[in-house]
Amino acid sequence: MRLPRPAALGLLSLLLLLLPAPEAAKKPTPCQRCRGLVDKFNQGLVDTAKKNFGGGNTAWEEKTLSKYESSEIRLLEILEGLCESSDFECNQMLEAQEEHLEAWWLQLKNEYPDLFEWFCVKTLKLCCSPGTYGPDCLACQGGSQRPCSGNGHCSGDGSRQGDGSCRCHVGYQGPLCTDCMDGYFSSLRNETHSVCTACDESCKTCSGPTNRDCGECEVGWVLDEGACVDVDECAAETPPCSAAQFCKNANGSYTCEDVDECSLAEKACVRKNENCYNTPGSYVCVCPDGFEETEDACVPPAEAEATEESPTQLPAHEDL
């Protein structure tokens, strides 16, 4: 059934609204916009590092007009390259904060060499220093020097957002990410550092790296003479796979795969010249194209014709 054109367009619009927004379409935060502006400013410093006024008498220009390195001309060149013409938000921020950037360049950069810290953190208060978060730039859990003990990410780190809690890396848990998850053991623990290392694959919990250090075996493994060893499910009295499948053991598990009767050592299709084709749970035996099918063989066309054309020989009779 074809929908009327207005209804079809309405349905399409509704579907588009329900689709999740792609990551790239998410608007940057004020802190990210500020950091981006500073990153481009710093790149502008690199790009103009070996330039001069561009006139014919550089020595006179530097003596008379001050050095290009710290000149307003260099500042203007850098500012002109900060925003693409189509980037409205960047240009809006630059227009609003150009006086701050000019003041830093002409008066404050020697006292505050870190433009990001001075501009985004202290002046505009859009960001926080690394290791701090939230409106008041408080220290993250575990301290600003090593948030989350170095084993996780602090919520809101470097921004005026978040709550400073830790999102631990894989293998770590706890409010400060100093504890080990199941499947990991503590290989280093002191006042400043905690390192969790993966257990052997046979262990659910462990105190060391081998299958003899398991506190509890993983599913598919069993404790045998002090070590967790693989359970061969395929050797069970009642095999886990159906009669049309064969069982293939794997570490801690198994797989059921279709039996390919055509590849077995004992031929499934026994007639001469017969082709075997595997199917899910079975197989079929078929003569090649053009071959004649008989009870005992697939006969090539030439042999079949010869059989049909040869007269049947009668037994010889003795003269009476």
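Being a predicted model, the structure only gives us computed values, none of them experimental. (Residues numbered from 1 in each chain as written. Predicted model: local features only at pLDDT ≥ 70, side-chain atom pairs only at ≥ 80, totals over all residues. Heavy atoms only, no water.)

Draft legend 1. Highlighting the packing of aromatic side chains. What the rule picks out here adds up to three aromatic pairs. Between Phe 41 and Trp 104, the aromatic rings sit 5.9 Å apart at their centres with planes inclined by 80°, giving edge-to-face as the arrangement. In this pair, Phe 41 sits in helix H2 (residues 30-47) while Trp 104 sits in helix H5 (residues 88-108), placing the two residues 63 residues apart along the sequence. As far as the burial class goes, Phe 41 and Trp 104 line up, both buried. Centre to centre, the rings of Trp 118 and Phe 119 are 6.4 Å apart; their planes meet at 20°, and the pair counts as stacked. Under the relative-accessibility criterion, Phe 119 is labelled buried at 0%. Taken together through their ring pairs, the aromatic side chains of Phe 41, Trp 104 and Trp 105 make up a single cluster. The ring of Phe 116 has Arg 35 lying over it, and the distance from NZ or CZ to the ring centre is 4.0 Å. Residue placement shows Lys 109 over the ring face of Trp 105; its charged tip is 3.4 Å from the ring centre. (Phe/Tyr/Trp six-rings, centres within 6.5 Å; stacked < 30°, edge-to-face > 60°. Helix = DSSP H or I, 4+ residues; strand = E, 2+ residues; numbered from the N terminus. Buried < 20%, exposed > 50% of the residue type's maximum accessible area, 1.4 Å probe, protein only. Lys NZ or Arg CZ within 6 Å of the ring centre and 35° of its normal.)

Draft legend 2. Up close: unusual backbone geometry. A positive phi angle is found at Cys 137, which is not glycine, with a value near 50°. Checked against the element boundaries, Cys 137 lands in the loop between strand S1 (132-133) and strand S2 (138-139). A positive phi angle is found at Glu 225, which is not glycine, with a value near 50°. Here Glu 225 lies in the loop between strand S11 (221-224) and strand S12 (227-230).

Draft legend 3. Just the nonpolar core, in detail. Among the nonpolar cores identified, the biggest contains 24 residues, and Phe 41, Leu 82, Leu 115 and Phe 119 are the most heavily contacted of them. Of all the elements in the fold, those that place two or more residues in this core are H2, helix H4 (72-80), H5 and helix H6 (115-123). Those residues in contact with Leu 82 that lie beyond four places of it in its chain are Leu 37, Lys 40, Phe 41, Cys 90, Leu 94 and Leu 101. (Core = buried A, V, L, I, M, F, W, Y, C linked by side-chain atoms within 4.5 Å. Contact = heavy atoms within 4.5 Å.)

Draft legend 4. Molecular detail of a nonpolar patch on the surface. Among the surface-exposed residues, Tyr 277, Val 284 and Val 286 lie close enough to one another that they form a single nonpolar patch of about 250 Å² accessible area. The topology assignment puts Val 284 in strand S16 (residues 282-286). Given the relative accessible area of 38%, Val 284 is considered partly exposed. (Patch = residues over 30% accessible without salt bridge, like charges linked within 9 Å, V, L, I, M, F, W, Y side chains within 5 Å. Areas by Shrake-Rupley, 256 points an atom, 1.4 Å probe, with all protein chains shown as cover. Salt bridge = Lys/Arg side-chain N within 4 Å of Asp/Glu carboxyl O.)

Draft legend 5. Highlighting the pattern of salt bridges. Tallied over the entire structure, the rule returns seven salt bridges. Among the salt bridges present, the one from Lys 27 reaches Glu 89, with a minimum N-O distance of 3.4 Å. Taken together, the residues Lys 27 in the loop between helix H1 (5-18) and H2 and Glu 89 in helix H5 connect sequence positions 62 residues apart. Look at Glu 89 and you get partly exposed, because its relative accessible area is 25%. Across the salt bridge formed by Arg 271 and Glu 293, the nearest N and O atoms sit 3.2 Å from each other. Of this pair, Arg 271 sits in the loop between strand S14 (253-258) and strand S15 (275-279) while Glu 293 sits in strand S17 (residues 292-293); the two residues are 22 residues apart in sequence, bridging distant segments of the chain. Judged by its relative accessible area of 56%, Glu 293 falls in the exposed class. Several salt bridges share partner residues, and in doing so they unite Lys 27, Arg 33 and Glu 89 into one network.

Draft legend 6. Spatial organisation of a negative patch on the surface. Where like charges cluster on the molecular surface, the negative patch consists of Glu 72, Glu 95, Glu 98, Glu 99 and Glu 102. Top contributing element to the negative patch by residue count: H5, with four residues. By secondary structure assignment, the location of Glu 102 is in helix H5. (Lys, Arg positive; Asp, Glu negative; His and termini not counted. Charge placed at Lys NZ, Arg CZ, Asp CG, Glu CD.)

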